[in-house]
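Fold and contact review
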Amino acid sequence: MIFTHCLPEEPSFKTSSAPLSLTGVCSQWRRLALNTPALWTPVNLTKVNCNCKNFLSLTQTWLERSKERPIDISLSGGVHCSERHTSQELVDKLRPHCGRFRSLNVLCHKEALEALPLTEMTSLQELHLNRVELYWPWSEVALIDLSKPLPHLRSLFARDVHLAPLSLSNQSQLSILD
C-alpha cells in the first residue's frame, strides 16, 4: 500500500508524522491507516511530550494496530520517565508481543535492560543492546540472560552489557558486532 511509503525513517508518536498524520486526513484514510498493520510495525519507544500513562497507552495501541506482523522496536533510556516502576510497566506491555519482535535496538539503563524478556523473542533477527547509566558513578555492567537459543538471531551488538550464558547453537550465521 502507498501509505507505507509515507513512514518516516525514525517512527514517532507525533501526530504530525505518519502513520498518525494519515489518520487525520479523512474518515477513509483513517480507516485504511488503522487497518494497515504494516504502518504500525516500526515502533520507536522514545519518550515524547506526554505523561507516562499516555505513553504506555500509546504503546499498547500501536502494538495492537500492528496485528500479528513482525515488529521492529527501538527503545531509548528516556522511556522510563525517571521512574523505575514505569520501565517494568513498559516491559509488561511489550511481553505479549515479544514473539513478533524482528529487531530490537535498546539504549537504556541497567535495570530496564535486565528486565527485557529476550528469551521470549523467538523471532528476533537483530539485537542491539546499549547500556546508559542515569547516575554517576556507573553501577555494574548489565547481565543479560541469553540462555535459551534465539534461532533467527543473525546480528548481535552489545555495549556495556554482559551476555551470559550465550547460547549460539543455532546461530550459524550470527555476526557479533562491537
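Some thoughts on the environment of W29
- Tracing the chain through its elements places W29 in helix 1 (residues 27–34).
- It is 9.3 Å that separates the C-alpha atoms of W29 and F3, two residues lying 26 residues apart in sequence.
- What W29 contacts, discounting residues up to four positions off in sequence, is F3 and L22.

Digging into the side chain of N44
- In this structure, N44 sits in strand 1 (residues 42–45).
- Excluding residues that lie within four positions of it along the chain, N44 makes contacts with E10, P11 and S74.

Some words on the environment of P42
- Summarising the element assignment, P42 is placed in strand 1.
- Between the C-alpha atoms of P42 and S103, which are 61 residues apart in sequence, the distance is 9.4 Å.
- Apart from residues lying up to four places away in sequence, P42 is in contact with L7, P11, W62 and D72.

Details of the pairing of strand 2 (residues 71–76)
- As paired strands, strand 1 and strand 2 are joined by four bridges and run parallel to one another. Paired with V43 across the bridge in strand 2 is I73.
- In this structure, strand 2 lies alongside strand 3 (residues 101–108), joined through six bridges in parallel fashion. Opposite I71, over in strand 3, you have F101 as the bridge partner.

What to know about unusual backbone geometry
- Residue P19 is reached from A18 by a cis peptide bond, and omega for that bond is 10°.
- Considering the arrangement of structural elements, one finds P19 in the segment before helix 1.

Notes on the confidence of the model for the protein chain
- For the protein chain, per-residue confidence averages 78 on the pLDDT scale, and 73% of positions sit at 70 or higher.
- Looking over the protein chain, one finds the lowest element-wise mean pLDDT in strand 8 (residues 175–177), namely 56, and the highest in helix 1, namely 93.

Some details on the nonpolar core
- Grouped together as the largest cluster of nonpolar side chains are 39 residues, with contacts concentrated most on L45, I73, F101, L104 and L118.
- Elements with a minimum of two residues in this core: strand 1, helix 2 (52–65), strand 2, helix 3 (84–94), strand 3, helix 4 (110–115), strand 4 (126–131) and strand 5 (142–146).

A word on the pattern of salt bridges
- This structure, assessed with the given rule, holds two salt bridges.
- Between R95 and E120 there is a salt bridge whose closest N-O contact spans 2.5 Å. Residue R95 is found in the loop between helix 3 and strand 3, and its partner E120 is found in the loop between helix 4 and strand 4; the two are separated by 25 residues along the sequence.
- The exposure class of R95 is partly exposed, given its relative accessible area of 32%.

Rules used in this analysis
Residues numbered from 1 in each chain as written. Predicted model: local features only at pLDDT ≥ 70, side-chain atom pairs only at ≥ 80, totals over all residues. Heavy atoms only, no water. Helix = DSSP H or I, 4+ residues; strand = E, 2+ residues; numbered from the N terminus. Contact = heavy atoms within 4.5 Å. Pairing = 2+ DSSP bridges. pLDDT = per-residue confidence, 0-100. Core = buried A, V, L, I, M, F, W, Y, C linked by side-chain atoms within 4.5 Å. Buried < 20%, exposed > 50% of the residue type's maximum accessible area, 1.4 Å probe, protein only. Salt bridge = Lys/Arg side-chain N within 4 Å of Asp/Glu carboxyl O.

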